[in-house]
Amino acid sequence: MEELKEQVTSMPRIGEPAPAFEAPTSHGVLKLEDFKGSWLILFSHPADFTPVCTTEFIAFAQIYPELQKRGVELLGLSVDSVSSHIAWVRNVEEKTGTEIPFPIIADLSKEVSMAYGMIHPGQSKTETVRCVFIIDPNQIIRTILYYPLTTGRNMDEILRIIDALQTTDKNAVATPANWRPGDMVVVPPPNTQEMAEERLKQGYECVDWYLCKKKL
Amino acid sequence: MACISPDGKPTESGTKMLRALKSGLGSPEEIAKDAGLPLFRVRSGLRELTGAGLTTEASGKYEITEKGAELVK
């Protein structure tokens, strides 16, 4: 049997602990556990000094105050060096006036990229694709988004997901399609026939027993 | 090094952490609040400060050393 030469690493999955790491960043050496107790958005970009990534970093910096209000930290990553990150961040500030306030992992070894499945060889063998991992205060992965190299991310959607996850955790509800804070939320479906009968009498706005909404 | 410059002196964030510790023992959460720094920065910074002998840690509480206090006189 031919020896398996390539190491196969499984992709991280929602609901599982986020892979631990210790990595050099533009703010010093950071470990995943340094973020314990906060929500964390770990996101990768293909390379410093590239156009789409620059627009994304400006956009991430713009939503950073909103994220902080929600107890969320940001941590970027690419396979560039710390010096490259520092030079790029300074250039962005000089050219656009936008300060990048969050750290960026310099993953030259690709250890973190590989652990999080951020390199998709079909897109690029040397660069990370545009990944977003939303990690909760217990360091469990709650959301994973992957975007191709050519498509910049949507910050409204990232904020919306954070709001939805935090609403779910606080109120034990789900959120429907296109939900926004203030909209009605979905009551978890009943597990038994008896509960289904009761559900329709509980004053919720119901399409039927399995789809009921309520105001928070 | 985020908290200690190559010349061995604490950076601005390192100085804030050491100053926060001058009044006594502190947890990373207390230091973060006092220094006005994000908790993740404080946790990583305390590793550096402790490694450089400027702080010590026991049971999750940090204390400034004589060497650390000397740097933020």
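Above: the structure in question.
Since this is a predicted model, take the numbers as computed values, not measurements. (Residues numbered from 1 in each chain as written. Chains lettered and ligands numbered in written order. Predicted model: local features only at pLDDT ≥ 70, side-chain atom pairs only at ≥ 80, totals over all residues. Heavy atoms only, no water.)

Student: I tried to follow the state of the cysteines on my own but got confused; where do I start?
Tutor: Put plainly, two cysteines are in a disulfide when a covalent bond ties their sulfur atoms together. Residue and element names in this part refer to chain A. According to the stated counting rule, one finds one disulfide over all chains in the structure shown. Covalently, Cys206 is tied to Cys212 through a disulfide, its sulfur atoms 2.0 Å apart. Measuring the twist about the S-S bond at about 110 degrees, one finds the Cys206-Cys212 disulfide to be right-handed. A relative accessible area of 1% places Cys212 in the buried class. Take Cys53: it sits in no disulfide, and the sulfur closest to it among the cysteines is that of Cys131, at 12 Å. A residue is classified by how much of its surface remains accessible, and Cys53, at 1% relative accessible area, is buried. (Disulfide = S-S within 2.5 Å. Buried < 20%, exposed > 50% of the residue type's maximum accessible area, 1.4 Å probe, protein only.)

Student: I keep staring at the pattern of salt bridges and nothing clicks. Help me out?
Tutor: Between side chains of opposite charge, pairing is possible as soon as their charged atoms come close. Residues and elements named next belong to chain A. If you walk through the whole model with that rule in mind, you get 15 salt bridges over all chains. Glu56 is the salt-bridge partner of Arg130, the closest N and O atoms lying 2.8 Å from each other. One end of the pair, Arg130, is in strand β6 (residues 130-135); the other, Glu56, is in helix α1 (residues 51-69), and 74 residues separate them in sequence. Neither Arg130 nor Glu56 differs from the other in exposure class; each is buried. (Salt bridge = Lys/Arg side-chain N within 4 Å of Asp/Glu carboxyl O. Helix = DSSP H or I, 4+ residues; strand = E, 2+ residues; numbered from the N terminus.)

Student: How do you make sense of the interface of chain A and chain B when you look at a structure like this?
Tutor: One frequent convention defines the size of an interface as the accessible area lost when the parts assemble. Contact residues are listed per partner, giving eleven residues for chain A and eight residues for chain B. Both faces considered, chain A and chain B share a buried interface measuring about 840 Å² in area, 52% of it formed by carbon and sulfur atoms. The three residues of chain A that bury the most area against chain B are A:His27, A:Asp34 and A:Glu73, which together make up 48% of that side's buried surface. Summed over the shared surface of chain A and chain B, the number is one salt bridge. B:Arg47 is the salt-bridge partner of A:Asp34, the closest N and O atoms lying 2.7 Å from each other. It is strand β2 (residues 28-31) of chain A that provides the largest number of residues to the side of chain A that touches chain B, a total of four residues. Its residues assigned to classes, the side of chain A that touches chain B shows four nonpolar, two polar and five charged. (Contact = heavy atoms within 4.5 Å. Buried area = accessible area lost by both parts, 1.4 Å probe. Nonpolar A, V, L, I, M, F, W, Y, C, P; charged D, E, K, R; others polar.)

Student: Looking at this structure, how should I read the side chain of A:Arg160?
Tutor: Residues and elements named next belong to chain A. Topologically, Arg160 is positioned in helix α4 (residues 155-171). The buried category is assigned to Arg160, whose relative accessible area is 17%. A polar contact is formed between the side chain of Arg160 and the side chain of Glu157, at a distance of 2.7 Å. If sequence neighbours within four positions are ignored, Arg160 has contacts with Pro176, Asn178, Trp179 and Arg180. (Polar contact = N/O pair within 3.5 Å; in protein donor to acceptor, adjacent residues only side chain to side chain.)

Student: I keep staring at helix α2 (residues 82-96) of chain A and nothing clicks. Help me out?
Tutor: Count 3.6 residues to each turn of an α-helix, and residues three or four apart come out pointing the same way. Spanning 15 residues, α2(A) covers 21 Å between terminal C-alpha atoms, matching the ideal 21 Å at 1.5 Å per step. A:Gly97, located one to two residues past α2(A), shows a positive phi value of around 80 degrees. (Expected span 1.5 Å × (residues − 1).)

Student: So what exactly am I meant to see when it comes to the packing of α1(A) against α4(A) here?
Tutor: Pairs of packed helices are described in terms of their axes, by the angle between the two and the distance that separates them. Residues and elements named next belong to chain A. Axis separation between α1 and α4 bottoms out at 10 Å; the angle between their running directions is 30 degrees. Between α1 and α4, the angle is such that the two are roughly parallel. As α1 runs across α4, the sense of the crossing is right-handed. Only Met155, Ile158, Leu159 and Ile162 of α4 make contact with α1, whose side of the interface consists of Glu56, Ala59, Phe60, Ile63, Glu66 and Leu67. (Axes fitted to C-alpha atoms, helices over the stretch in contact; angles between N-to-C directions. Parallel < 35°, antiparallel > 145°, perpendicular 65-115°, else oblique. Left-handed = near helix turned anticlockwise from the far one by under 90°.)

Student: Is there a simple way to think about the packing of helix α2 (residues 28-35) of chain B against helix α3 (residues 39-51) of chain B in this case?
Tutor: All names here are of chain B. Contact geometry of α2 with α3 gives a least axis separation of 9 Å together with a crossing angle of 115 degrees. Regarding α2 and α3, the two cross each other, and that crossing is right-handed. Packed against α2, whose contacting residues are Pro28, Glu29, Ile31 and Ala32, the element α3 presents Leu39, Val42, Arg43 and Leu46 at the interface. By residue class, the composition of the contact of α2 with α3 is six nonpolar, no polar and two charged.

Student: Even after reading the chapter, I still don't get the sheet that holds strand β8 (residues 185-186) of chain A, so can you show me in this structure?
Tutor: Paired through backbone hydrogen bonds, the strands of a sheet run either parallel or antiparallel to each other. Residues and elements named next belong to chain A. Pairing in this open sheet of three strands is antiparallel, and the strands run β8-β10-β9 from one edge to the other. Every interior strand has two partners, whereas the edge strands, β8 and β9 (205-208), have only one. Note that β8 and strand β10 (residues 211-214) share two bridges and pair antiparallel. Paired with Val185 across the bridge in β10 is Lys214. (Pairing = 2+ DSSP bridges.)

Student: Teacher, can you tell me more about the pairing of β2(A) here?
Tutor: For a regular strand, the rule is simple: side chains alternate between the two faces of the sheet. Residues and elements named next belong to chain A. Pairing analysis gives four bridges linking strand β1 (residues 22-25) to β2, with the strands arranged antiparallel. Paired with Pro24 across the bridge in β2 is Val29. The hairpin turn running from β1 into β2, its antiparallel successor, is two residues long.

Student: Where do I start with unusual backbone geometry in this structure?
Tutor: Across residues other than glycine, the phi torsion is negative in most instances, and most of the peptide bonds are trans. All names here are of chain A. Unusually for a residue other than glycine, Phe49 sits at a positive phi of about 55 degrees. Assignment of secondary structure puts Phe49 in the loop between β3 (39-44) and α1. On the basis of relative accessibility, which here comes to 46%, the residue Phe49 falls in the partly exposed class. Its identity as a non-glycine residue notwithstanding, Gln139 has a phi of 70 degrees, on the positive side. Among the secondary structure elements, Gln139 is positioned in the loop between β6 and β7 (141-147).

By themselves, these figures tell us nothing about what the structure is for.
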